[in-house]
Amino acid sequence: MKITKEQVTHVANLARLNLTEDEKELMTKDMASIITFVDQMNKLDITGVDPTAHIIPINNVFREDEVKPSMDREQLLSNAPSQERGCFNVPKIVE
């Protein structure tokens, strides 16, 4: 499919873009190369390929949830300038 400068101008107007003549020429060439690439992709035989298939098998890479002991609350709050009911106490900044 051949893309014309007029089509690029029309799409630019729809997108509310003000393109210079040089930019229109560049966009015409870029769009033509993109369309050529997509046409090449459309020629590939993908029968029997699942939509989410990968070249290599992918397994779940997440680790198992394991309960681990956390740090002692008193130790964490030991350097806090101010604490209240086991939490950091910070000054109010929004009135």
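Numbering of residues starts from 1 in each chain and follows the order in which that chain's sequence is written. Thresholds applied to this predicted model are a pLDDT of at least 70 for local features of residues and 80 or more for the giving and counting of side-chain atom pairs; totals over whole chains, interfaces and linings are not thresholded and use all residues. Values shown for side chains rest on all heavy atoms present in the structure; no hydrogens or waters enter the calculation.

1. Regarding helix α2 (residues 21-42)
The first and last C-alpha atoms of α2 sit 31 Å apart over 22 residues, in line with the 32 Å expected at 1.5 Å per residue. Relative accessible area decides the class of each residue, using a 1.4 Å probe on protein chains only: under 20% of the type maximum gives buried, over 50% gives exposed, and in between gives partly exposed. Each helix corresponds to a stretch of at least 4 residues labelled H or I by DSSP, and each strand to a stretch of at least 2 residues labelled E; elements are numbered beginning at the N terminus. Among all positions of α2, only K24, T28 and I35 are buried. Each buried residue of α2 sits inside an arc of 45 degrees when the element is viewed along its axis, so together they form one side. Of the exposed residues in α2, those oriented more than 90 degrees away from the buried face are D22, L26 and K29. Note on contacts: a residue pair qualifies if any of its non-hydrogen atoms lie within 4.5 Å across the two residues. Where the residues of α2 are buried, they touch α1 (5-14). Expected span, for any helix, means 1.5 Å times one less than how many residues it has. Relevant arc is that of directions from the helix axis to the C-beta atoms, nothing else.

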